[in-house]
Amino acid sequence: MPNATVSRKKSHKRKASSEIEDDGPSPSRHAEQVEDDEDDRHSRRVKSVKKEKKTNVIARNERIPDDEDGDEGGDDEEKIDVENFRDQPLSRVEVTKLQGLSRDWKMVADQVKPNWGVVGDVAVALADYGEGKEVEYGLAELDKSMRSLIDISAEMQAHEEVLEDLAQKVGQGEVLENFIDLYISGAKERMNKYDKMTSRQKYAKSQEYATFRNNIYEVQHPDTAIPPITEFIPKENGDESDDDDDLEMGGVSQNYNCPITLTLLVDPVTSNMCKHSFSKAAILQSFRGNEAIKCPASGCTKTFTRANLKPDKGLAKRVKAYERRARRAAENDDAEEIID
């Protein structure tokens with residue numbers, strides 16, 4: 001009995017470590033196997049990414065010859081020849097913009113023109129200074145300046161007109177693909193036509209030039225009727241006869257007396273309805289509570305309101321110049337009488 005018990009205990013002894021290792025994988029070997037598997041998967045992923053990058057580089061290099069300028073975009077995108085790209089036709093929605101540009105030219109011309117009076121004021125002051133070669137030379141230069149201002153105004157008008165004409169064509173549905181060329185050539189055509197005009201045709205009908213010449217003449221020839229404007233502009237080939245009615249301006253001596261007080265104008269105002277001028281206090285008193293009155297000037301049938309009366313600074317300057325000349329003439333007469 002004791003022997004049997006001992007043999008049974010021996011049968012339950014633990015196996016040797018070598019036996020255990022042979023029966024199945026150990027934990028350390030299992031970990032090594034997992035690491036090896038992960039390394040294999042990582043290596044396959046890296047190879048796959050490198051292969052994909054290589055494929056993309058090859059494809060990109062194949063596309064480069066098709067795009068010599070380096071522009072982005074696919075092979076299907078159409079290239080634009082910028083140098084030879086034509087102006088696109090204007091649509092009717094652009095009519096308002098064209099008309100606005102045309103009005104801008106007119107607005108600039110209208111804002112500049114009132115400042116032409118500065119040239120006339122200088123000319124009057126120079127003429128009032130005296131006589132001599134220097135004075136005549138200065139007046140001739142001022143005359144050139146006045147003519148240049150009229151030329152610039154004509155150029156502005158040319159731009160205004162060509163833009164208005166193009167706006168009408170677009171508004172009527174006409175297709176204008178080369179708009180800029182039409183605009184530039186249209187303005188040049190009008191200016192070429194203007195340049196071919198004679199001096200009389202350019203300046204004789206200009207009210208600003210007529211006023212400029214008349215004011216100078218008035219200083220140099222007081223109390224003498226102003227001759228027609230053609231007297232100041234030599235005749236050229238292409239001009240009509242000197243007695244052309246359209247060019248006859250002048251022949252009237254300036255009167256600086258108020259039609260109401262019959263004395264020299266004081267703080268003059270001018271009606272924009274009939275161009276007659278009055279002393280401010282006298283004409284305002286003539287309304288006597290009425291909203292509008294008939295012009296007090298002899299032979300005038302126009303009516304106007306207070307709002308139609310505008311201060312006339314240019315006329316006020318001429319009145320003062322006239323007063324200075326009158327005083328100077330009176331002083332000279334007194335001096336002659338004393339000498340006699």
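Residues numbered from 1 in each chain as written. Predicted model: local features only at pLDDT ≥ 70, side-chain atom pairs only at ≥ 80, totals over all residues. Heavy atoms only, no water.

1. A closer look at the packing of helix α5 (residues 117–129) against helix α6 (residues 133–171)
Piece 1. At a closest axis distance of 10 Å, the pairing of α5 and α6 adopts a crossing angle of 165 degrees. When the axes of α5 and α6 are compared, the pair comes out roughly antiparallel. Pair α5 / α6 crosses with left-handed handedness. In this structure, α5 contributes Val119, Val122, Ala123, Leu126, Ala127 and Tyr129 to the contact, and α6 contributes Val135, Gly138, Leu139, Leu142, Ser145, Met146 and Leu149. (Axes fitted to C-alpha atoms, helices over the stretch in contact; angles between N-to-C directions. Helix = DSSP H or I, 4+ residues; strand = E, 2+ residues; numbered from the N terminus. Parallel < 35°, antiparallel > 145°, perpendicular 65-115°, else oblique. Left-handed = near helix turned anticlockwise from the far one by under 90°. Contact = heavy atoms within 4.5 Å.)

2. Description of the packing of α6 against helix α9 (residues 207–220)
Piece 1. With their axes 10 Å apart at the nearest point, α6 and α9 run at an angle of 165 degrees to one another. Accordingly, the angle class assigned to the pair α6 and α9 is roughly antiparallel. The two elements α6 and α9 meet at a crossing, and its hand is right-handed. Counted together, Glu136, Leu139, Leu142, Asp143, Met146, Arg147 and Ile150 of α6 and Tyr209, Phe212, Arg213, Ile216 and Gln220 of α9 form the full contact between these two elements.
Piece 2. Among the residues making up the contact of α6 with α9, the classes are represented as seven nonpolar, one polar and four charged. (Nonpolar A, V, L, I, M, F, W, Y, C, P; charged D, E, K, R; others polar.)

3. Some thoughts on the pairing of strand β1 (residues 268–271)
Piece 1. Burial along β1 is two-sided: Pro268 and Thr270 facing one way and Val269 and Ser271 facing the other are all buried.
Piece 2. Two successive antiparallel strands, β1 and strand β2 (residues 277–279), enclose a turn made up of five residues, where Lys275 displays a positive phi of approximately 70 degrees.
Piece 3. As paired elements, β1 and strand β5 (residues 309–311) share three bridges and run antiparallel to each other. The residue bridging Thr270 from the neighbouring strand is Lys310, located in β5. (Buried < 20%, exposed > 50% of the residue type's maximum accessible area, 1.4 Å probe, protein only. Pairing = 2+ DSSP bridges.)

4. As for a nonpolar patch on the surface
Piece 1. Taken together, the side chains of Met107, Val108 and Val112 define a hydrophobic patch exposed on the protein surface, amounting to about 220 Å² of accessible area.
Piece 2. The residue Val112 is located in helix α4 (residues 95–112) in this model.
Piece 3. Take Val112: its relative accessible area is 37%, and that puts it in the partly exposed class. (Patch = residues over 30% accessible without salt bridge, like charges linked within 9 Å, V, L, I, M, F, W, Y side chains within 5 Å. Areas by Shrake-Rupley, 256 points an atom, 1.4 Å probe, with all protein chains shown as cover. Salt bridge = Lys/Arg side-chain N within 4 Å of Asp/Glu carboxyl O.)

5. Quick notes on unusual backbone geometry
Piece 1. The residue Lys275 is not glycine, and still its phi comes out positive at about 70 degrees.
Piece 2. Within the secondary structure, Lys275 is located in the loop between β1 and β2.

6. Overview of α9
Piece 1. Between its terminal C-alpha atoms α9 stretches 20 Å, which fits the 20 Å expected from 14 residues at 1.5 Å a residue.
Piece 2. Within α9, 10 of the 14 residues are buried, which leaves it mostly tucked inside the rest of the structure.
Piece 3. Within α9, burial applies to Tyr209, Ala210, Phe212, Arg213, Asn214, Asn215, Ile216, Tyr217, Glu218 and Val219. (Expected span 1.5 Å × (residues − 1).)

7. As for the pattern of salt bridges
Piece 1. Overall, the coordinates contain eight salt bridges when judged by the stated rule.
Piece 2. The residue Lys106 makes a salt bridge to Asp110 at a minimum N-O spacing of 2.8 Å. With Lys106 and Asp110 both in helix α4, this residue pair falls four residues apart, about one helical turn.
Piece 3. In this structure, the salt-bridge partner of Glu161 is Arg190, at a minimum N-O distance of 3.5 Å. Highlighted residues: Glu161 in helix α6 and Arg190 in helix α7 (residues 179–195), separated in sequence by 29 residues.
Piece 4. You can call Glu161 partly exposed: its relative accessible area is 34%.
Piece 5. Here the salt bridges do not stand alone but share partners, grouping Asp143, Arg147 and Arg213 into one network.

8. Points about the state of the cysteines
Piece 1. All told, the structure shown has zero disulfides when counted by the stated rule.
Piece 2. Looking at Cys300, it has no disulfide partner, and the nearest cysteine sulfur is the one in Cys295, 3.7 Å off.
Piece 3. A relative accessible area of 7% means that Cys300 is categorised as buried. (Disulfide = S-S within 2.5 Å.)

9. Here we look at helix α10 (residues 280–287)
Piece 1. If you check which residues of α10 are buried, you get Ala282, Ile283 and Phe287. Taken down its axis, α10 places every buried residue within 150 degrees of arc, on the same side. Seen from the open side of α10, the exposed residues pointing more than 90 degrees away from its buried face are Ala281 and Gln285.
Piece 2. Here the buried face of α10 lies against β1, β2, β3 (292–294), β4 (303–305) and β5.
Piece 3. Arg288 lies just past α10 and shows a positive phi near 50 degrees. (Arc of directions from axis to C-beta.)

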